[in-house]
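Single-letter residue listing:
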Amino acid sequence: GNHEDRESLKFKLSGMKDYDLLKKGGADLGTDDNLGSWGHEYVRSLAGEIGQDYNSRVIDGADPDTDEPFADLLGMVDVIVP
């Protein structure tokens, strides 16, 4: 696929939304995101896609001095770099 599609990031962000909905519904999902099972190449690719998406949002007008427009990305960053 096209590297600008950021497919890995879209997949993980979609999964995080599902995870959050299940957790709000009372499901016991644990706290371990098991980053080690993702594989280092996937994590490296995902980190690059996060950077691309961040830059794209800033170019589109998001304020880099606030966290709100980047909350979903920051959630992924917190998993990758605790």
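The preceding data block contains the structure.
Cut-offs applied
Residues numbered from 1 in each chain as written. Predicted model: local features only at pLDDT ≥ 70, side-chain atom pairs only at ≥ 80, totals over all residues. Heavy atoms only, no water. Helix = DSSP H or I, 4+ residues; strand = E, 2+ residues; numbered from the N terminus. Buried < 20%, exposed > 50% of the residue type's maximum accessible area, 1.4 Å probe, protein only. Contact = heavy atoms within 4.5 Å. Areas by Shrake-Rupley, 256 points an atom, 1.4 Å probe, with all protein chains shown as cover. Arc of directions from axis to C-beta. Salt bridge = Lys/Arg side-chain N within 4 Å of Asp/Glu carboxyl O. Phe/Tyr/Trp six-rings, centres within 6.5 Å; stacked < 30°, edge-to-face > 60°.

A. A look at the overall build of the protein. Scanning the protein for helices and strands turns up 3 helices and 0 strands. The N-to-C order of helical and strand elements in the protein reads α-α-α. For the protein, with 82 residues in total, the buried portion stands at 20%. Taking contacts inside the protein between residues at least 6 apart in sequence as the whole, the part at least 24 apart equals 60%. Accessible area of the protein: about 5900 Å², with a carbon and sulfur share of 53%.

B. Inspection of helix 3 (residues 71–80) at higher detail. Among the residues of helix 3, L73, M76 and I80 are the ones counted as buried. Buried residues along helix 3 cover an arc of 60 degrees about the axis, so they all sit on one side.

C. Quick look at the pattern of salt bridges. By the definition in use, this model includes 4 salt bridges. The partner of R57 in a salt bridge is D72, with the nearest N and O atoms 2.7 Å apart. Residue R57 is found in helix 2 (residues 40–59), and its partner D72 is found in helix 3; the two are separated by 15 residues along the sequence. With a relative accessible area of 29%, D72 lands in the partly exposed category. Through salt bridges that share partners, R6, D53, R57 and D72 make up one connected network.

D. The arrangement of the packing of aromatic side chains in detail. Following the criterion strictly, the structure yields 1 aromatic pair and no others. Seen in terms of ring centroids, Y54 and F70 are 4.5 Å apart; in terms of plane orientation they differ by 35 degrees. Their pairing is tilted. On the criterion of sequence distance, the pair formed by Y54 in helix 2 and F70 in the loop between helix 2 and helix 3 is long-range, its members being 16 residues apart.

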